[in-house]
Amino acid sequence: MNILGISAFYHDSAAALIRNGRLVAAVQEERFTRRKHDERFPERSIRFCLQKTGLQPGDLDAIVFYEKPLLKFERLLHTYLACAPRGFSSFRKAMQAWLGKKLFLKDDITREMARIAGMKVRRYRKTNPRILFTEHHESHAASAFFPSPFESAAVLTMDGVGEWATASIAHGSGNRLKILRELPFPHSLGLLYTAFTYYLGFRVNSGEYKVMGLAPYGEPRYADTILDRLMTLHEDGSFRLNIEYFDYLVGSTMTSRKFHDLFGGPPRMPESELTQRHMDIARSIQLVTEEIMLKMAREAHRLTGEKSLCLAGGVALNCVGNGRILKEGLFQNLWVQPAAGDAGGAVGAAYAAWHHYFDGERTVSGDDHMQGSLLGPSYGDDEIESFLKQNGIPYQKLAEEELLTAVSQALFGGSVVGWFQGAMEFGPRALGNRSILANPCLAETQSVLNLKIKFRESFRPFAPAVLEEKAPEFFDLPVASPYMLLAAPVLEKRRNGSHPHGLSGLERLHEKRSDIPAVTHLDYSARVQTVNPRQNRRFYDLLENFRDVSGYPVLVNTSFNVRGEPIVRSYEEAYQCFCKTEMDLLVLGNLLLRKERPEA
Amino acid sequence: MKRLRAFLVLWKKMGQKAGEAFSAAVLFLAYFLCVCPWAFVTRLAGKKWIDFSPLHPGSGWLEKGDDMREKTRYERLF
């Protein structure tokens, strides 16, 4: 039984393939098209999924789209009817998209699949392709629960908006999932956070993690204002937004003039200076978001009585909020779908069809079913070597042990290393196969990486990858965090207590806050990735080797890309990125490339 | 030949522009002659297309409990 899941036409389109209940391939379209958050039909992702498994489009038992287009269209019409006569501009844009394409999604999918199959549409239709549709939050819930390592669990999904729902609480047990509660549009935690992302001058549906990174530099001075004026928050985690402060229903912006008056000025222009007020606003919305996430998690616990919680939806990428839920102690176990955003909807849609439509069995073992999220394209050493030879690029081919030692020593000496191995990660995080690595013990690593390698804002923090069994020696983290989706405090004993007084905001950027300063954020938190040998053997071995060299089983792990570009997929892209930046070493499989620098 | 090609490109562009203008005009009429009056009348009659009221008493959660094993729900677009 082969089931293809698709998410597309909003942002982060992706495809995922399940064979007899096992997830065998998943990839985001942006990695092929090099257009960040690409929303177009994931043709190349589908081709990859089929190619990886040796299947033809005709071999698919079902193609599952991750949301219900007519329900979404209904919500749009209701919105215009509620807001008219305002909203013509938005109506015109939306109707052109919907009447031209989105309303005829089944035909569109058929046409695209026929193209992939190399058939005429009429001939492809005769193969009776089964095209199914799940609801948006059902896809998220399925992506959170079915691949999780739990027999039963509470499931909480939170994002901008799907059809009507903006958040849901579900109960998963065996191969069944039941949605218990939904929060209806326009009251949305995702849209609330995105409104502040817009107000702070970052890109909507993209810059939310920058707000999270900026938050520790501020004070929560506006938290009460948000809670008192922008919303009514109930004890059960549900809330209602005061829509007068927002403009996302039919307007061209996220926030209204009333919102700007409340927070003391117009939205920050992108790339302009970040002031203390911006940092305070970021901290305030982060705090409010965490409070809402906590209340929702409590309600999920009350409704299900489960010990384990699964999370998905874009808001579940808020690792600080996830860390707060874990710290609360309501749930003993927490599992977050690594592609928690809309890309993961492709995985969820396929799983929902397998378990609910086809009544497929579900097995639970110690590990989750995401296989370290290493589900994308991979390349052999021979292929890479032939590329390097053809282009006259000097390299060294090393045995594994030699390679790990050379890389560890270079990292210890302060080199920044591009690390390209095996299958590409599915989801927004690089987890040790398309990563840029550096030494976390050096104070200057953060600014070097931000300004010379990633070309991004100086305040952005970096994440540590740590040997799973050594994580308790560095972080207050009671569970494993293989997908870098939990923030945890650095242990007190590792912190550096002495700080220069009188500094505030970004002036505190260069404080040495712990013995692993490059990955210790201003509030002593870190977005931890725990690494075990079952999920990524080679990355685990590298961390062990680095520990032998430096005494620290921790590395800085950031995604292999530069600002504004998706993570690299192929060795060619990795090499181009290596050339464009000030990385010192590039490792492609077992091949080591050093950057030749002109002598001073 | 060059001139013909340039003319055809221009013709296509003009056609596209005309198409866009036509669809915008149709949507304009649809919005202001259908959506707006319908919204006005129904709202006057008390219909709440979307409940905006921020001070809603009680929980904001909607209770669900659909049978997700029902196969036809996956075959529908709604």
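Residues numbered from 1 in each chain as written. Chains lettered and ligands numbered in written order. Predicted model: local features only at pLDDT ≥ 70, side-chain atom pairs only at ≥ 80, totals over all residues. Heavy atoms only, no water.

S.K.: Explain the overall build of chain B here, please?
M.R.: Secondary structure assignment for chain B yields two helices and one strand. Sequence-ordered secondary structure for chain B, helices as α and strands as β, is α-β-α. In summary, chain B has a C-alpha radius of gyration of 24 Å against a globular reference of 12 Å for 78 residues, an excess of more than 25%. Overall, chain B is about 70 × 40 × 20 Å in size when its C-alpha atoms are taken along their principal axes. A buried classification covers 19% of the 78 residues belonging to chain B. Within chain B, the 7 negative side-chain charges are centred at a point lying 20 Å from the centre of the 14 positive side-chain charges. (Helix = DSSP H or I, 4+ residues; strand = E, 2+ residues; numbered from the N terminus. Rg over C-alpha atoms; globule rule 2.2 N^0.38 Å. Buried < 20%, exposed > 50% of the residue type's maximum accessible area, 1.4 Å probe, protein only. Lys, Arg positive; Asp, Glu negative; His and termini not counted. Charge placed at Lys NZ, Arg CZ, Asp CG, Glu CD.)

S.K.: Please clarify how the packing of helix 3 (residues 69–83) of chain A against helix 4 (residues 88–100) of chain A should be interpreted in this entry.
M.R.: Describing two packed helices takes the angle between their axes plus the distance from one axis to the other. Residues and elements named next belong to chain A. Remark: helix 3 packs on helix 4, axes separated minimally by 11 Å, with the N-to-C direction vectors making an angle of 160°. Classed by the angle they form, the pair helix 3 and helix 4 counts as roughly antiparallel. Taken as a pair, helix 3 and helix 4 cross one another with a handedness that is left-handed. Between helix 3, through Pro69, Lys72, Phe73, Leu76, Leu77 and Tyr80, and helix 4, the contact on the second element is made entirely by Ser90, Phe91, Ala94, Met95 and Trp98. Residues of the contact of helix 3 with helix 4, tallied by class, amount to nine nonpolar, one polar and one charged. (Axes fitted to C-alpha atoms, helices over the stretch in contact; angles between N-to-C directions. Parallel < 35°, antiparallel > 145°, perpendicular 65-115°, else oblique. Left-handed = near helix turned anticlockwise from the far one by under 90°. Contact = heavy atoms within 4.5 Å. Nonpolar A, V, L, I, M, F, W, Y, C, P; charged D, E, K, R; others polar.)

S.K.: I keep staring at the nonpolar core and nothing clicks. Help me out?
M.R.: Taken as a class, soluble globular proteins show a tendency for nonpolar side chains to be buried jointly. Residues and elements named next belong to chain A. In this structure, Leu4, Met113, Leu192, Leu230, Phe263 and Phe475 are the most contacted members of the largest nonpolar core, which totals 202 residues. It is helix 12 (residues 276–304) that provides the largest number of residues to this core, a total of 11 residues. Discounting residues that sit within four places of it in the chain, phenylalanine 263 has contacts with Phe196, Tyr199, Tyr222, Thr225, Ile226, Leu230, Arg277 and Ile281. By size, the runner-up hydrophobic cluster in this structure holds 22 residues, among which are Phe539, Leu542, Phe546 and Leu555. (Core = buried A, V, L, I, M, F, W, Y, C linked by side-chain atoms within 4.5 Å.)

S.K.: Looking at this structure, I do not really get the packing of aromatic side chains. What am I missing?
M.R.: Working definition: an aromatic ring pair is given by the centre-to-centre distance plus the angle between the planes. Evaluated as defined, the whole model comprises 37 aromatic pairs over all chains. Residues A:Phe145 and A:Phe146 carry aromatic rings whose centres are separated by 5.5 Å and whose planes lie at 55° to one another, so their mutual orientation is tilted. For A:Phe145, a relative accessible area of 0% translates into the label buried. With a relative accessible area of 0%, A:Phe146 lands in the buried category. The structure contains a cluster of three or more aromatic residues connected by ring pairs, namely A:Phe185, A:Phe196, A:Tyr199, A:Tyr222, A:Phe246, A:Tyr248, A:Phe259 and A:Phe263. Seen from the ring of A:Tyr245, A:Lys258 lies directly overhead, with NZ or CZ sitting 5.0 Å from the centre. When the ring centre of A:Tyr357 is taken as reference, the NZ or CZ atom of B:Lys71 above it lies at 5.0 Å. (Phe/Tyr/Trp six-rings, centres within 6.5 Å; stacked < 30°, edge-to-face > 60°. Lys NZ or Arg CZ within 6 Å of the ring centre and 35° of its normal.)

S.K.: Even after reading the chapter, I still don't get the environment of A:Thr289, so can you show me in this structure?
M.R.: Residues and elements named next belong to chain A. Looking at the secondary structure, you find threonine 289 in helix 12. Note: C-alpha distance between threonine 289 and tyrosine 193 (96 residues apart in sequence) is 7.5 Å. Those residues within four positions of threonine 289 in sequence are excluded, and the remaining contacts are Leu189, Tyr193, Val315 and Asn318.

S.K.: Before we go on, may I ask you to explain helix 17 (residues 445–453) of chain A in this structure?
M.R.: Helical geometry: 3.6 residues make up each α-helical turn, so side chains three or four residues apart lie on a common side. Residue and element names in this part refer to chain A. For helix 17, the complete set of buried residues consists of Thr445, Gln446, Leu449, Asn450 and Ile453. Along the axis of helix 17, the buried residues cluster in a sector spanning 125°; they form a single face. Lining the buried residues of helix 17 we find strand 15 (434–438) and strand 19 (554–559). Looking at the residues trailing helix 17, positive phi occurs at phenylalanine 455, about 55°. (Arc of directions from axis to C-beta.)

S.K.: Can you help me understand the interface of chain A and chain B in this one?
M.R.: Many analyses report the size of an interface as the accessible area lost when the parts associate. The interface is formed by 58 residues belonging to chain A together with 38 residues belonging to chain B. Regarding the contact of chain A and chain B, the summed buried area is about 4300 Å², with carbon and sulfur atoms giving 65% of it. Between A:Arg240 and B:Asp51 there is a salt bridge, and its shortest N-O distance comes to 3.1 Å. Our count for the contact surface shared by chain A and chain B stands at 26 residue pairs in polar contact (both at pLDDT 80 or more). Going through the elements one at a time, helix 3, helix 4, strand 5 (131–133), strand 7 (165–173), strand 8 (176–184), strand 10 (239–241), helix 12 and helix 14 (344–357) of chain A are the ones with two or more residues in the side of chain A that touches chain B. When the residues that make up the side of chain A that touches chain B are grouped by side-chain class, the tally is 32 nonpolar, 13 polar and 13 charged. Of the pairings in the sheet, the one linking strand 8 of chain A to strand 1 (residues 62–63) of chain B comprises two bridges and is antiparallel in character. Bridged to A:Glu182 within strand 1 of chain B is B:Leu62. (Buried area = accessible area lost by both parts, 1.4 Å probe. Salt bridge = Lys/Arg side-chain N within 4 Å of Asp/Glu carboxyl O. Polar contact = N/O pair within 3.5 Å; in protein donor to acceptor, adjacent residues only side chain to side chain. Pairing = 2+ DSSP bridges.)

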